[in-house]
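Understanding the architecture of this molecule
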Amino acid sequence: MLQDGVTKYSVDLTKITSSAHMLDLVFDVSAKAWANHQIVGELIEQLRELFDPRATLCREGRDHKMDPVQHLRRCRARQ
């Protein structure tokens, strides 16, 4: 969505329950006309910081499930 000359795009973090969901999001964003390498890279970095996907979603190369709301609440509680 374009607002004040800036593209706005919202992401529903509650839908990221597996590595497949996260990868789908990354590829969905990367297919957008406005998404350059910097934007996609920043998205990946933010997802890494929020979810630590190597530990929570794809340990040992296997897809794992998680509750993103509980995960983010635990992270917030630790701060």
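Preceding block: the structure.
Reference entry: report on the structure contained in this document. The model shown is predicted, which means the values in this text are computed figures rather than measured ones.

Helix and strand counts for the protein stand at four helices and two strands. Along its sequence from the N terminus, the protein presents helices and strands in the succession β-β-α-α-α-α. Principal axes of the C-alpha set define a box for the protein whose edges measure 40 × 30 × 20 Å. In the protein, which comprises 79 residues, the proportion classed as buried is 23%.

Below, the discussion takes up helix α4 (residues 68-78). Residues P68, H71 and C75 constitute the buried set of α4. Axial view of α4: buried residues confined to an arc of 65°, hence all on one face. Among the exposed residues of α4, those pointing more than 90 degrees away from its buried face are R73, R76 and A77. Structurally, α4 contributes buried residues whose contacts are with α2 (37-51) and α3 (53-56). A side-chain oxygen of the first residue of α4 lies 2.9 Å from the backbone nitrogen of V69; this N-cap is D67.

Moving on: the packing of aromatic side chains. Under the criterion given, the structure shown has one aromatic pair. A centroid spacing of 5.4 Å and a plane angle of 55° characterise the contact between Y9 and W34, whose relative ring orientation is tilted. With Y9 in the loop between β2 (6-7) and α1 (19-30) and W34 in the loop between α1 and α2, this pair connects stretches of sequence that are 25 residues apart. Residue classification places Y9 among the partly exposed positions, given a relative accessible area of 35%.

Time to look at α1. The periodicity of an α-helix, 3.6 residues per turn, causes residues three or four positions apart to be oriented the same way. Between its terminal C-alpha atoms α1 stretches 16 Å, which fits the 16 Å expected from twelve residues at 1.5 Å a residue. Of the positions making up α1, those classed as buried are M22, L25, V26 and V29. Buried residues of α1, viewed axially, fall in a sector of 95°; they line one side. Of the residues in α1, the exposed ones pointing more than 90 degrees away from the buried face are D24 and F27. Those residues of α1 hidden inside the fold are in contact with α2 and α3.

Thresholds applied
Residues numbered from 1 in each chain as written. Predicted model: local features only at pLDDT ≥ 70, side-chain atom pairs only at ≥ 80, totals over all residues. Heavy atoms only, no water. Helix = DSSP H or I, 4+ residues; strand = E, 2+ residues; numbered from the N terminus. Buried < 20%, exposed > 50% of the residue type's maximum accessible area, 1.4 Å probe, protein only. Arc of directions from axis to C-beta. Contact = heavy atoms within 4.5 Å. Polar contact = N/O pair within 3.5 Å; in protein donor to acceptor, adjacent residues only side chain to side chain. Phe/Tyr/Trp six-rings, centres within 6.5 Å; stacked < 30°, edge-to-face > 60°. Expected span 1.5 Å × (residues − 1).

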